[in-house]
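Given next are the chains, with one letter for each unit.
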Amino acid sequence: MEFFILLSAGLANGGYYALIALGLVLIFKAQDMVQFGHGEVFMIGAFTAYTVFAVVGWPYLVAFFAAVLAATVVGMIVERWLIRPIAHMPHMTLVMVTVGLSFLLKGAARIEWGKDIYTFPAVFKSGPIVIGEVVLMPQQLVLVAFTLTLSVVMYLMFKYTALGKQMRATSQNMTGAQLSGVNIGRVFSSTWAMSGAMGGAAGALSAPVLSLLFPDIGTFILLKGFAAAVLGGFGSVVGAVVGGFAVGVMEKFVGFYIATALEHISAFVIIMLVLIFWPKGLFGKKDVTRV
Amino acid sequence: MRISAFFETRWFPALFLLFLLVIPLTTNNYFQFVINLVLCYVLIGFGQQLILGYAGQFSFANAAFMGIGAYTTSIIFTLNVPILIALMAGGLLAALVACLVGLPALRLSRVYLALATIAFGEMTTWVLTHWNSVTKGGDGMYSPVPVFFGYSLDTDTERYFLIAIVCFVMVMIAQRMLASKFGRAFIAIRENEMVASCNGINIPLYKTIAFALSGFYAGVGGGLYAIAVNYIVPDNYDLFQLVIHFALVMVGGLGSMYGVIVGALVLTTLPEVLREFQHYQEMTYGVLLILFIVFIPRGLAGFLKDRRILPREILVHGWKEEIPHVREAAKTAAVFNVGAGAEDRGEEH
């Protein structure tokens, strides 16, 4: 029976890994770069939700939207004032800037929250839902449902809407897209806004599940998101979601059946093994090198 | 005479060594400690510079190599092994691990390499924290007082001589190496792998060499760092340490030997000067990293080079002497003002 308990716990964690991976994949698809500051976007979401819900005492729904709004605004500001002026530079430069950004945001959060650990109070007063021996927290169900809905929306958006098509065009060939009348500034702006919104939503939704918050949480979460995205094959929306749930479940199984201490590094082992032996992941396309 | 000419003279290394040996006469204990750290960071920064600035591989693993070097040196030294051998062992183990980490680099490019190495770095911190029997876990351990040929190095000044000599020798080796075919191969790989392989550069071999050397410098630097601060904790070798390395290379100047020295000097003394603002340390490094990448991509060394204070680092020295007909051609060209000032146009690697 422990199999199902582990499975449900793993899927619940996988929910926010998938959300983080989605945010990373979005930016990767549009700009062919990895956002190392995405963990801090999550942190901003989580701490905004904490402030509104636990400190101010407003309803959780308000806290959720505040978190999404805050993270979206941060994403847009970063894109407009930091990334766009240097968008033409090599990818290494862009990635390095996001590494700097990550530490800038983390340092800023430290001014207010220091090195302490904060407890996020329970949102749903009703107890856990028990099916057989499987115990499910309502918050976990909300998280998983939200992730699944959002990923379907994202998939449809990329496939059918004008904005989604413009995003795909821009990532394939920026100049070509520009020549065809795509406003790439708008594309980048909306990409970062959506990525930020997802990071913020992930923060607000998973804060009650994690229940412990600290300014360093971003790095920890970001690496899980990397694992999910890499497993799914960086650049695939479906892959990010499947990868997220897979990493969540795998972690729980490794932690239970092999050794508890291994739970936290299984994500890193996944990253390394997948990249070494199977770099295109579950749903990725093969990288073509052009001369 | 331009100031930069001073650095290019034949006797500059000897003079610099003399300068290094005179420093302790002018310092107190605290100042000496900071200078020790600067020298350690010169080596560590050089490890980062080699892999990032010269070979152009976006590796996130150098903080882990530094940790491996620091722990290996300290642990081996407790077994009564001479300090220089312990340092070498730390460097060699880090180099070996770096070779293994570099293996995926032969297949992976850009962001994928960054992700693989960042995962490796986190795993190393985890191992250092959880391997209690060897590393004493997350609380860290005291690094033993180094003994140099039966003479115990108790004070910072005594340690300084060990650090300074190791550092000087290794920097000299590095400088010679970068002026050789290794340096040229690294830069060729950085600029364009396709072109490099078309020119007969064995890319897997040179990438592995770059990783090994980078690991070696980071490992020895880490070992010296452990000696200098006398205490090692796993948390010291996490992502933040890596950001310090990145900032050091970026502030100093990417792909420049002088850059490493300038960067180490600035970034090691800066936190000491801004002691009251320790809460803002993470922010400071983040902001510095962003500012330098965006506004001063060639770093302080580039800035100083433009003002002729530091010499340009030219990849291929000595063609003037070696190939007479080229020299003649250059002279002729100079007469007609064709190739005049080729050096000034900055054919800098």
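Fair warning: this is a prediction, and the values are worked out from it, not measured in the lab.

## What to know about the overall build of chain B
Line of reasoning, step 1. Along chain B, the regular secondary structure elements total 17 helices and four strands.
Line of reasoning, step 2. Among the 349 residues that make up chain B, the fraction classed as buried is 50%.
Line of reasoning, step 3. Of the contacts made within chain B by residues no fewer than 6 positions apart, 78% connect residues no fewer than 24 positions apart.

## Here's the deal with the interface of chain A and chain B
A common measure of how large an interface is: the accessible area buried when the components associate.
Line of reasoning, step 1. Tallying the contact residues gives 42 residues for chain A and 37 residues for chain B.
Line of reasoning, step 2. Summed over the shared surface of chain A and chain B, the number is one salt bridge.
Line of reasoning, step 3. With a shortest N-O distance of 2.9 Å, Arg110 of chain A and Glu282 of chain B are connected by a salt bridge.
Line of reasoning, step 4. On the surface where chain A and chain B come into contact, there are one residue pair in polar contact (both at pLDDT 80 or more).
Line of reasoning, step 5. With 16 residues, helix α4 (residues 91–113) of chain A is the largest single contributor of residues to the side of chain A that touches chain B.

## Some points on the pattern of salt bridges
Line of reasoning, step 1. By the definition in use, this model includes nine salt bridges over all chains.
Line of reasoning, step 2. In this structure, the salt-bridge partner of Asp216 of chain A is Arg110 of chain A, at a minimum N-O distance of 3.2 Å. With a gap of 106 residues between them, Asp216 of chain A in the loop between β4 (212–213) and α9 (217–232) and Arg110 of chain A in helix α4 connect regions that are remote in the sequence.
Line of reasoning, step 3. Classification of Asp216 of chain A as partly exposed rests on a relative accessible area of 34%.
Line of reasoning, step 4. By relative accessible area, which is 13% here, Arg110 of chain A ends up buried.
Line of reasoning, step 5. For Glu251 of chain A, the salt bridge is made with Lys224 of chain A, and the minimal N-O distance between the two is 2.9 Å. Taken together, the positions of Glu251 of chain A in helix α10 (residues 237–258) and Lys224 of chain A in helix α9 put the pair 27 residues apart, joining distant regions of the chain.
Line of reasoning, step 6. Accessibility expressed as a relative area gives 1% for Lys224 of chain A, which makes it buried.
Line of reasoning, step 7. In this structure, a network of salt bridges that share partners links the residues Lys106, Arg110 and Asp216 of chain A together with Glu282 of chain B.

## Focus on the packing of helix α3 (residues 29–54) of chain B against helix α11 (residues 203–229) of chain B
All names here are of chain B.
Line of reasoning, step 1. Relative to each other, α3 and α11 sit at 165°, their axes nearing to 7 Å. The angle between α3 and α11 places the two elements in the roughly antiparallel class. In terms of crossing hand, the pair formed by α3 and α11 is left-handed.
Line of reasoning, step 2. For the contact of α3 with α11, a count of residues per class yields 19 nonpolar, six polar and no charged.

## Re the packing of α3 of chain B against helix α12 (residues 239–252) of chain B
Residue and element names in this part refer to chain B.
Line of reasoning, step 1. Orientation of α3 relative to α12, taken along the N-to-C sense of each, is 75°, at an axis distance of 9 Å. Judged on the interaxial angle alone, α12 and α3 are roughly perpendicular. For the pair α3 and α12, the contacting residues are Tyr41, Ile44, Gly45, Gln48, Gln49 and Leu52 in the first and Gln241, Leu242, Ile244, His245, Phe246, Leu248 and Val249 in the second.
Line of reasoning, step 2. Among the residues forming the contact of α3 with α12, the class breakdown is eight nonpolar, five polar and no charged.

## Notes on the confidence of the model for chain A
Line of reasoning, step 1. Of the residues in chain A, 97% have a pLDDT of 70 or more, and the chain-wide mean is 86.
Line of reasoning, step 2. For chain A, per-element mean pLDDT is lowest for strand β3 (residues 134–136) of chain A, which scores 76, and highest for helix α3 (residues 60–83) of chain A, which scores 92.

## Concerning the packing of aromatic side chains
Line of reasoning, step 1. Taken as a whole and assessed by the stated rule, the structure comprises 34 aromatic pairs over all chains.
Line of reasoning, step 2. Geometrically, the ring pair formed by Phe46 of chain B and Tyr217 of chain B is edge-to-face, given 4.8 Å between the ring centres and 65° between the ring planes. Here Tyr217 of chain B lies in helix α11 and Phe46 of chain B lies in helix α3, a separation of 171 residues in the sequence. Exposure class is identical for Phe46 of chain B and Tyr217 of chain B. Each is buried.
Line of reasoning, step 3. Three or more aromatic residues joined by ring pairs make a cluster, and in this case those are Phe47, Tyr50, Phe53, Tyr60, Trp113, Tyr118 and Phe120 of chain A.
Line of reasoning, step 4. Sitting above the plane of the Phe158 of chain A ring, Lys29 of chain A keeps its charged end 5.0 Å from the centroid.
Line of reasoning, step 5. The ring of Phe303 of chain B is capped by Arg307 of chain B, whose NZ or CZ atom sits 4.0 Å from the centre of that ring.

## Some words on helix α1 (residues 2–31) of chain A
All names here are of chain A.
Line of reasoning, step 1. Between its terminal C-alpha atoms α1 stretches 42 Å, which fits the 44 Å expected from 30 residues at 1.5 Å a residue.
Line of reasoning, step 2. Burial analysis of α1 places 22 of its 30 residues in the buried class, the great majority of the element.
Line of reasoning, step 3. Just past α1, the residue Asp32 takes up positive phi, approximately 60°.

Rules of the game
Residues numbered from 1 in each chain as written. Chains lettered and ligands numbered in written order. Predicted model: local features only at pLDDT ≥ 70, side-chain atom pairs only at ≥ 80, totals over all residues. Heavy atoms only, no water. Helix = DSSP H or I, 4+ residues; strand = E, 2+ residues; numbered from the N terminus. Buried < 20%, exposed > 50% of the residue type's maximum accessible area, 1.4 Å probe, protein only. Contact = heavy atoms within 4.5 Å. Salt bridge = Lys/Arg side-chain N within 4 Å of Asp/Glu carboxyl O. Polar contact = N/O pair within 3.5 Å; in protein donor to acceptor, adjacent residues only side chain to side chain. Axes fitted to C-alpha atoms, helices over the stretch in contact; angles between N-to-C directions. Parallel < 35°, antiparallel > 145°, perpendicular 65-115°, else oblique. Left-handed = near helix turned anticlockwise from the far one by under 90°. Nonpolar A, V, L, I, M, F, W, Y, C, P; charged D, E, K, R; others polar. pLDDT = per-residue confidence, 0-100. Phe/Tyr/Trp six-rings, centres within 6.5 Å; stacked < 30°, edge-to-face > 60°. Lys NZ or Arg CZ within 6 Å of the ring centre and 35° of its normal. Expected span 1.5 Å × (residues − 1).

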